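Chains, contacts and geometry: an overview
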Amino acid sequence: MVWIQKNWLLRRVRGGSNLLTVVPYLKKGVERMASHRPASGTRLGRRGQEPQAASVALPAPSAGLARRIKRHWPFYLFILPGILYFIIFHYWPMYGIRIAFYDFGYFGIKEFIGLENFRELFRNIYFGRAFRNTIIISAGQSLLGICAAIVLSLLLNEVRSVGFKRSVQTIVYLPHFLSWVVVASIFTLLLSPRTGIVNNAIRLLGGKPIGFLTSEAWWRPVYFLCALWKESGWGTVVFLAALSNIDPQLYDSAWIDGAGRLAQTRYITLPSMAPIVIVVAMLHMAQFFNLFQSVFVLYNPLVYEVSDVLGTLVYRKGIQGGDFDFATAVGLFRSVISLVLVLGINWLGKRIRGESVL
Amino acid sequence: MSRACKGFGPWKVRQLEGGAAGKGMIVEKFSLRKEHRARTLFVIGNTLFLLFVALFVVIPVLRVIADSLDENAAVGVLRLIPEAWTVTAYRLILSQRALYRPFLISVFVTVTGTFLALSLTTMLAYGLIHKEMPGRKLFVYVILITMIFRAGLIPTYMVIRSLGILNTLLPVLMGPCVNAFYFILMMNFFRTIPRDFAEAAQVEGAGQLQIFLRIILPLAKPGLAAIGLFYAVMYWNDFFSYIIYINDSKLWNFQVILRDMVLESETAMPRLDASQTAPESLKNAVIIVAIIPVGILYPFLQKYFVKGINLGGVKG
């Protein structure tokens, strides 16, 4: 029983048990954020009272608006730079979106042409191709990433040796912090037809070297491999944190009821993971159409057919080609679909789980 | 009881497989040894698989390290240990202006950017935790909306252009300097600080700025450290802002040079002096130099993430 207690304690103490206390902030938006106080961080809560907001003695709610503004004037100064940042770098550009509805030359706005840019866009074969590629690549990447993370975290969760578990976790998680340029560089060198280790092996076995990144058949598998290499560790760590929060008593009672390991995984572990999996899926959805950097560093003109996505199309058309109105229209299309997707998933999540993720 | 005992129980109640629910339960005697053997097999298989996964992650990096130190880098071989050791590639990085300047720019942008981002984010977050402040909700929404709707690349580019700061480091520093997720995180962190401290200081006659700098920030150090780390990694890894806003190769950072050298290799190499090191080892060394700072920060990054402080990490 001593071992059991130790095991239980370790489950509690290790492995980021606080992650689940953080995620709820995502869930209920501003209302919740305003009222929720995290359970942790009470180190300063003297006299056993609830820790309170660090604001200074405030007037009663009944105080007049002018008086309340006056009481808070230093805080308006505090937020001024940040709010200015959001206005300049986020809201001013939103005003700029209007050029999607104009004919735009190099010297500025020429005339209002309504939806003409969008008509052009839907006629454009490159747009269709980019749209299709975005969906395939994004969906594939998210699905593979989430599945890999679920499997890895379940397997890691079965490991009893703390040291081994820790080491594997540490190793798999590292690539998450490397930039896409670094990841692409590593794999470009490894897969290089001239000098890469993979093609060296193929040559040794008597085969012909393969240009992995320049072949339409190979590009997507290689891309998915890079994405898995970089991101599956992150999902694994998130899910593991959720797993370590499962009450061990559940397993005990399941065992007494005769549930084997598989049944326990099926009926306890997986359902307990479901909420965090949904949150992660939701975050993937929010990034669904933002696909850019990862593709940009790995693709090349030879494989545009299978790799060109909306983000890269906007970059080539707009920044490189100077076709601002068309590129803005593509960008706006992308943002709107993205927004619809996020709100839709949020609505769905609310339906399924009874609470909103946003 | 715990999971430790599972699989060792000699008796097991089992629902009949395929049978309708409640049709019948049978008590079945299990062979203790058989169960035990299955478990052992699983443990061995599991360990091997996880080892394989870890190797899959590590080997590419090992290979790059090895090649960066090898005079005959990557000449038709499978080795993971250099054949002829040399540090010429690293010496070259330190001596070539075209290589060490981008590194210094990376360092400069990372340090300045992190400071800027931390100041803006903390001030914004501290300013917006006061519930009674009129307009507070509006401001919070202004920030949160940008999480789900973005203007997009071109409109942002045009704003930068009309501000006249193309081809400077300003858009690189300021473009990503408040992250809405880190803002939420910081706000939650400030909420955990009891307001007594600030009240006491106010009674003593301290101004709000003084309270913020002398009392709140020191108490929020763990949160600052976490967010600072993530901002630092973000600035260090950035290459996207450079290729969009900066044409002048003198202002490029290390990531852009790395991309130039490895991913579009033919164009960058002629800029360097001819040397005895094969370009291969130089390419690999550049990758390693781009990884090293992240590697140094990694233990801290991991610690903060695992502690659950990192909400931004959840964003991915």
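About the cut-offs
- Residues numbered from 1 in each chain as written.
- Chains lettered and ligands numbered in written order.
- Predicted model: local features only at pLDDT ≥ 70, side-chain atom pairs only at ≥ 80, totals over all residues.
- Helix = DSSP H or I, 4+ residues; strand = E, 2+ residues; numbered from the N terminus.
- Buried ≥ 20, exposed ≤ 12 C-beta atoms within 10 Å, placed from the backbone.
- Contact = placed C-beta atoms within 7 Å.
- pLDDT = per-residue confidence, 0-100.
- Arc of directions from axis to C-beta.
- Domains from an automatic or database assignment.
- Core = buried A, V, L, I, M, F, W, Y, C linked by C-beta atoms within 7 Å.
- Expected span 1.5 Å × (residues − 1).
- Axes fitted to C-alpha atoms, helices over the stretch in contact; angles between N-to-C directions.
- Parallel < 35°, antiparallel > 145°, perpendicular 65-115°, else oblique.
- Nonpolar A, V, L, I, M, F, W, Y, C, P; charged D, E, K, R; others polar.

This paragraph deals with the overall build of chain A. When its secondary structure is counted, chain A shows 18 helices and 2 strands. Evaluated residue by residue, chain A yields a buried proportion of 40% over its 358 residues.

Let us look at the overall build of chain B. Check the secondary structure of chain B and you find 15 helices and 2 strands. Looking at chain B as a whole, 42% of its 316 residues are labelled buried. Look at the contacts in chain B between residues 6 or more apart in sequence, and 69% of them connect residues 24 or more apart.

Glancing now at the confidence of the model for chain B. Residues shown with low pLDDT carry predicted positions that ought not to be read at fine detail. Residue and element names in this part refer to chain B. Here chain B averages 82 in pLDDT, and 81% of its residues register 70 or above. Every residue in residues 1-27 scores below 50 in pLDDT, and together they form 37 contacts with partners more than four places removed in sequence or on other chains. The ipTM for the predicted assembly is 0.83, set against a pTM of 0.81.

Moving on to helix H11 (residues 197-204) of chain A. Residues and elements named next belong to chain A. Those residues of H11 that fall on the buried side of the exposure criterion are Ile197, Asn199 and Asn200. Projected down its long axis, H11 carries its buried residues within an arc of 160°, all on one side. Following H11 by one or two positions, glycine 206 has its phi on the positive side, about 90°.

Moving on to the domain arrangement of chain A. Each assigned domain of chain A is listed with its residue range as follows: domain 1 (62-114) and domain 2 (127-358). Counting residues at the interface gives 7 residues for domain 1 of chain A and 6 residues for domain 2 of chain A.

Membership of the largest hydrophobic core comes to 160 residues, with the highest contact counts inside it found for A:Val330, B:Phe190, B:Leu258 and B:Ile287. If we ignore the near neighbours within four places in the chain, the residues touching A:Val330 are A:Leu121, A:Phe127, A:Leu310, A:Leu313, A:Val314 and A:Lys317.

This part is about unusual backbone geometry. Phi is positive for B:Asn167, close to 60°, though the residue is something other than glycine. Judged by the 14 C-beta atoms lying within 10 Å of it, B:Asn167 is partly exposed.

Considering every residue of chain A, the mean pLDDT works out to 81; 80% of them sit at 70 or more. No element of chain A has a lower mean pLDDT than helix H2 (residues 19-22) of chain A, at 35, and none a higher one than helix H8 (residues 125-158) of chain A, at 95.

Attention now goes to helix H6 (residues 73-96) of chain A. Taking 1.5 Å of rise per residue, the 24 residues of H6(A) would be expected to cover 34 Å, and the 32 Å separating its terminal C-alpha atoms lies within 8% of that figure. Those residues of H6(A) that fall on the buried side of the exposure criterion are A:Phe75, A:Phe78, A:Ile79, A:Gly82, A:Ile83, A:Tyr85, A:Phe86, A:Phe89, A:His90, A:Pro93 and A:Gly96. Among the structural elements, helix H3 (97-127), helix H4 (136-148), helix H5 (153-163) and helix H6 (170-174) of chain B are those in contact with the buried residues of H6(A).

Residues and elements named next belong to chain A. For the pair helix H9 (residues 162-173) and helix H12 (residues 216-243), the least separation of the axes is 7 Å and the interaxial angle reads 135°. The pairing of H9 with H12 is recorded here as oblique in orientation. For the pair H9 and H12, contact is made by Gln169, Val172 and Tyr173 and by Ser232, Gly233, Trp234, Thr236, Val237 and Leu240, respectively. Class assignment of the residues belonging to the contact of H9 with H12 gives a composition of 5 nonpolar, 4 polar and no charged.

Here A:Val159 shows up in the loop between H8 and H9. Look past the residues within four positions of A:Val159 in its chain and what remains in contact with it is A:Phe164, A:Lys165, B:Asn46 and B:Leu50.

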